Amino acid sequence: MSHVSKTSRSATISDVAAKARAGKTSISRYLNGEFHLLSDDLRKRIEIAISELNYRPNQMARSLKHGRTGLIGLIIADISNPYSIEVLKGVEAETMKHGIMTVLCNANNSIKLECEFIHLLKGYRVDGLIINSAGISEEFLDALKSTTLPFVLLDRKVKDFPCDMIGLDNPHSANMAFNHLLDQGFEALCLITEPIAFVSARQERLATFDHFLSQNPQVRGESHQIKLPNEQELENIITDFCGRHRGMRKAVIAANGVLTLQIAHVLSHLGLRWGADIGFLSFDNLEWAALAGTGITSVSQPTAEMGRKAVEFLLDRLTNPDKKPEQHLFNGELIIRKSTTL
């Protein structure tokens, strides 16, 4: 029969108590951060004992004892979207400060998969959810209404359904961008967006564009919804737009970061130099936007800060479950580069 020596097993709270010459209650107080209840000498002895024994508390047991698991679920629409990566960085930075772990679920732009994640994560006993949804459909709304988990929505508004929400002030940010193009003397604008159904951010940007055109009839404008990937359709849209507005100062507007990359590739393929042959403006400030030849003018979102704020909202909701739902909108920053300047 094999024998496992005492030194090979994981240290227990009793081992720490014995080595620190303290009671288990004092060890628990130390682990819970209740240092004010311990003398300086006792706290130092416990610290040394934990270090020498390499003690690691059973987080699951502790969490269940206090009614929480220390896990939150982060459901994002598309892990390949630069926006999602920055959100993840912000969420993880904030959760680590609070000793919480993030369970990441990539919905791959599937609302059905998001609904499955909402139900699945409850089974894993996460404390709450942060959701950047692929779209607010009836199916998704039903999933939200049926879950008992507290949640915060990222970059998605739901009409007539009060809930905690973090996002960008899209009308303000979009107006800032469109007025910049007006000031730079652009006479024709082409806004290209992914399908707006179920996605409030896209709807707001398009509605703001339409309102801007109605207030500035001297500017010719058109908008197109396109499901990616579809490089040929993008080429057709841009080629036709340029053909209809020959001799005019014109610009293409990408409604998000994923489209920015696609449009940049198409413009290059068509031999159109942004900043010289055509203007180019992007929602989302991608890392390479400043390095792309003359640079691409961008509406920058404080995306990582949005992730941190979402965690803050969720933790507040866990502490105050009956508080009134809140909405926090960040202002975008217009970063002007040579793709839109005279």
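Keep in mind it's a predicted model, so treat the numbers as computed, not measured.

Considering the domain arrangement of the protein chain
A common way to state how big an interface is: give the accessible area lost once the parts meet.
(1) Moving on: Partitioning the protein chain into structural domains gives domain 1 (13-57), domain 2 (70-166 + 304-330) and domain 3 (170-301).
(2) Moving on: Just the C-alpha atoms count here: the centres of domain 1 and domain 2 sit 36 Å apart.

Brief notes about the pairing of strand β8 (residues 250-254)
(1) Moving on: The buried fraction of β8 is high, at five of five residues.
(2) Moving on: The side-chain alternation of β8 yields two buried faces, one formed by K250, V252 and A254 and the other by A251 and I253.
(3) Moving on: In terms of strand pairing, strand β6 (residues 188-193) meets β8 through five bridges, oriented parallel. What sits directly across from L189, in β8, is A251.

Re unusual backbone geometry
(1) Moving on: Going from L228 to P229, the amide bond is cis rather than trans, its omega being -5°.
(2) Moving on: As for its position among the elements, P229 is in the loop between β7 (220-225) and α10 (231-244).
(3) Moving on: Here the phi dihedral of R125 falls at roughly 60°; this positive angle occurs in a residue that is not glycine.
(4) Moving on: Mapped onto the elements, R125 comes out in the loop between α6 (111-123) and β3 (128-132).
(5) Moving on: Even without a glycine there, the phi angle at D155 is positive, about 65°.
(6) Moving on: Among the secondary structure elements, D155 is positioned in the loop between β4 (151-154) and β5 (164-168).
(7) Moving on: For D155, a relative accessible area of 8% gives the class buried.

So, α10
(1) Moving on: If you check α10, its first and last C-alpha atoms are 20 Å apart, about what 14 residues at 1.5 Å a residue would give, namely 20 Å.
(2) Moving on: Listing the buried residues of α10 in full gives L234, E235, I237, I238, F241 and C242. Across the axial projection of α10, the buried residues extend over an arc of 165°, all falling on one side.

Comments concerning a nonpolar patch on the surface
(1) Moving on: A grouping of I79, I85 and L104 is seen on the molecular surface, where their side chains present a nonpolar patch of about 200 Å² in accessible area.
(2) Moving on: Mapped onto the elements, L104 comes out in strand β2 (residues 101-106).
(3) Moving on: A relative accessible area of 37% places L104 in the partly exposed class.

Some details on the nonpolar core
When a protein is soluble and globular, its nonpolar side chains tend to lie buried together.
(1) Moving on: The biggest cluster of nonpolar side chains holds 25 residues, and the ones touching the most others in it are I118, L129, I131, F140, L144, F151 and L153.
(2) Moving on: For this core, the secondary-structure elements that each account for two or more residues are β1 (71-76), α6, β3, α7 (138-146) and β4.
(3) Moving on: It is α6 that provides the largest number of residues to this core, a total of five residues.
(4) Moving on: Setting aside residues no more than four positions away along its own chain, L153 makes contact with I131, F140, L144, V158, C163, D164, M165 and I166.
(5) Moving on: Counting 22 residues, the second largest nonpolar core, distinct from the first, contains I237, A254, L267 and I278.

Overview of the sheet that holds β4
(1) Moving on: Ordered by their spatial adjacency, six strands build an open sheet running β2-β1-β3-β4-β5-β11, and the pairing between neighbours is parallel. A strand with exactly one partner marks an edge of an open sheet, and here the two such strands are β2 and β11 (327-330). In this sheet, neighbouring strand axes are inclined to one another by 15° on average, regardless of whether the strands run parallel or antiparallel.
(2) Moving on: Where β5 and β11 come together, four bridges link them in parallel fashion. Bridging across to β11, M165 finds its partner in Q327.

Basis of the calculations
As a convention, each chain's residues are numbered from 1 in the sequence order in which they are written. The predicted origin of the model limits local features to residues at a pLDDT of at least 70 and limits the giving and counting of side-chain atom pairs to 80 or more, whereas totals for whole chains, interfaces and linings rest on all residues. Hydrogen atoms and water are omitted, and side-chain values are computed over all heavy atoms in the structure. Here the bounds of each domain stem from an automatic or database domain assignment. Only protein chains enter the accessibility calculation, which uses a 1.4 Å probe; a residue is then buried when its area is under 20% of its type maximum, exposed when over 50%, and partly exposed in between. Numbering goes from the N terminus for both helices and strands, where a helix is a DSSP run of H or I of at least four residues and a strand is a run of E of at least two. Whether two strands pair comes down to DSSP finding at least two bridges between them. Expected span of a helix, by definition, is 1.5 Å for each gap between consecutive residues, and there is one gap fewer than residues. The arc in question is traced by the directions running from the helix axis to the C-beta atoms. Within the patch definition used here, like charges are joined within 9 Å and nonpolar side chains (Val, Leu, Ile, Met, Phe, Trp, Tyr) within 5 Å, considering only residues with over 30% relative accessible area and no salt bridge. Per-residue and other accessible areas were derived by the Shrake-Rupley procedure at a 1.4 Å probe size, with only the shown protein chains allowed to occlude residues. Any Lys or Arg side-chain nitrogen located within 4 Å of an Asp or Glu carboxyl oxygen qualifies as a salt bridge. Take the buried residues of types Ala, Val, Leu, Ile, Met, Phe, Trp, Tyr and Cys, join any two whose side-chain atoms come within 4.5 Å, and each joined set is a nonpolar core. Contacts were defined at the residue level, with two residues in contact if any of their heavy atoms lie within 4.5 Å. In this analysis an axis means a line fitted to C-alpha atoms, helices contributing only their contacting stretch, and an angle means the value between N-to-C directions, from 0 to 180 degrees.

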